[in-house]
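# Remarks on the overall topology
In case you want the letters, here they are:
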Amino acid sequence: MMLRSECWKCLALVVALLFTGAAHAQQRKGDQPKDVGIDTADIERRTGAKGELSADEGVFKVNLPRTDLKVGAAGVKLIPPLGLTAWAAFKRVGDATMVMGDIVLLEDQVNPVMDVALQNGLEVTALHNHFFWEQPKVMFMHISGMGETARLADAVGKVFTRLRETAGGKGRVPRASVDPARSKLDVTKLDALLGQKGTSKDGVYKVTVGRTVRIYGHEMGKAMGVNTWAAFAGTPQQAVVDGDFAILESELQPVLKALRAANIDIVAIHNHMTGEEPRMLFLHYWGVGPADALARGVRSAMELTLAPTGP
């Protein structure tokens, strides 16, 4: 009887151990990262940046802290966790992958890095500041893209590479010696090149083209600030142009590419209004060079935005 009792005790112990092992195995299996349909190791390799997986949302995010920047804002030392980290987040959506990101740049880096993004199939969706009073000035360029994971990761990797290459003052600052009081522009020629009748005041030649939206059911147009404009100063040989494009969302990427093809720098992309129909974005730019070349560049972008916008 004693032997039989001991056998039953041993059998019970074995069964208990088996169940415990299975439970632990199941727990370990549940602890494994959720399959989100993205090769995270390949993304890290292609982007050259380490990432983190948010399994609940199916998002893999790579980060590039701008540890090279020495930025202060009104006495506060800014470090990457305070908002100086460039990042790109990847998410599987149906049969494709989407990427969204925010690239931290000094002013001289913005357009060189933007060129790489546009040339590699990414969209630039916003360009603006996130701080006040910081030195040096920091800009934030938002990007997005949809397609094959590897292609998107390669594009982000090239953006990060260009960021590193232009760090430390190795970007681009277009300079010119221009005093509007000494402008000697051929306004008749500029009218012809731009296809618009401009005005001249205090040495500045300016054209303004209105667009139309509705806000709270009321029509708003050129005089209310819904317009594209370009202002020139200088001489035919060396001029500066700055201005603002009022554009639909569908026009943003073509206009960006047209201006950059003309070597005109983008300095901001943001909204000026809320609640308007259709939605209107505003793109600010700055260009330096021969007046004729600048006018042709602006005209090439204007021609992409001449479709009616009103009701």
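Residues numbered from 1 in each chain as written. Predicted model: local features only at pLDDT ≥ 70, side-chain atom pairs only at ≥ 80, totals over all residues. Heavy atoms only, no water.

### Some points on the sheet that holds strand E17 (residues 276-277)
Pairing is antiparallel in the open sheet, where three strands are placed in the order E13-E12-E17. Taken across any chain shown, the strands that pair with only one partner, and hence form the sheet edges, are strand E13 (218-220) and E17. (Pairing = 2+ DSSP bridges. Helix = DSSP H or I, 4+ residues; strand = E, 2+ residues; numbered from the N terminus.)

### Some details on the packing of helix H2 (residues 40-47) against helix H4 (residues 149-166)
Where H2 contacts H4, the two axes come as close as 7 Å, and the packing angle between them is 35 degrees. Once H2 is placed against H4, the crossing between them reads as right-handed. Contact residues: Asp42, Ile43, Arg46 and Thr47 in H2; Thr149, Ala150, Ala153, Asp154, Val156, Gly157 and Phe160 in H4. Of the residues belonging to the contact of H2 with H4, the class tally is five nonpolar, three polar and three charged. (Axes fitted to C-alpha atoms, helices over the stretch in contact; angles between N-to-C directions. Left-handed = near helix turned anticlockwise from the far one by under 90°. Contact = heavy atoms within 4.5 Å. Nonpolar A, V, L, I, M, F, W, Y, C, P; charged D, E, K, R; others polar.)

### Concerning the confidence of the model for the protein
Keep in mind that low pLDDT regions are not for reading the predicted coordinates in detail. A residue-level look at the protein finds 87% of positions with pLDDT of 70 or above and a mean pLDDT of 91. Low pLDDT, under 50, characterises residues 13-20; the predicted model gives this stretch zero contacts beyond four residues in sequence or across chains. Here residues 22-32 is a poorly scored stretch, pLDDT under 50, and it has zero contacts once near neighbours within four places are set aside; other chains count. (pLDDT = per-residue confidence, 0-100.)

### Quick word on the environment of Phe245
Tracing the backbone shows Phe245 in strand E15 (residues 239-248). Note on Phe245: relative accessible area 0%, which makes it buried. Distance in space between the C-alpha atoms of Phe245 and Thr228 is 4.4 Å, their sequence separation being 17 residues. In contact with Phe245, other than residues within four places in its own chain, are Thr228, Val255, Leu259, Leu281, Phe282, Leu283, Tyr285, Val298, Ala301, Met302 and Thr305. (Buried < 20%, exposed > 50% of the residue type's maximum accessible area, 1.4 Å probe, protein only.)

### Describing the nonpolar core
Within the largest apolar cluster, 72 residues are counted, with the highest numbers of intra-cluster contacts made by Phe90, Met141, Phe245 and Leu283. At seven residues, the largest contribution of residues to this core is made by H4. Of all hydrophobic cores here, the second largest spans eight residues; its members include Val213, Ala246, Met280 and Phe282. (Core = buried A, V, L, I, M, F, W, Y, C linked by side-chain atoms within 4.5 Å.)

### Quick look at the packing of helix H5 (residues 187-194) against helix H7 (residues 291-302)
Contact pair H5 / H7: the axes reach a minimum separation of 9 Å and the direction vectors enclose 30 degrees. Viewed along their axes, H5 and H7 adopt a mutual orientation that is roughly parallel. Here the hand of the crossing between H5 and H7 comes out right-handed. Two secondary-structure elements touch here, H5 through Lys189, Leu190, Ala192, Leu193 and Leu194 and H7 through Ala291, Asp292, Ala295, Arg296, Val298 and Arg299. Considering only residue class, the contact of H5 with H7 consists of seven nonpolar, no polar and four charged. (Parallel < 35°, antiparallel > 145°, perpendicular 65-115°, else oblique.)

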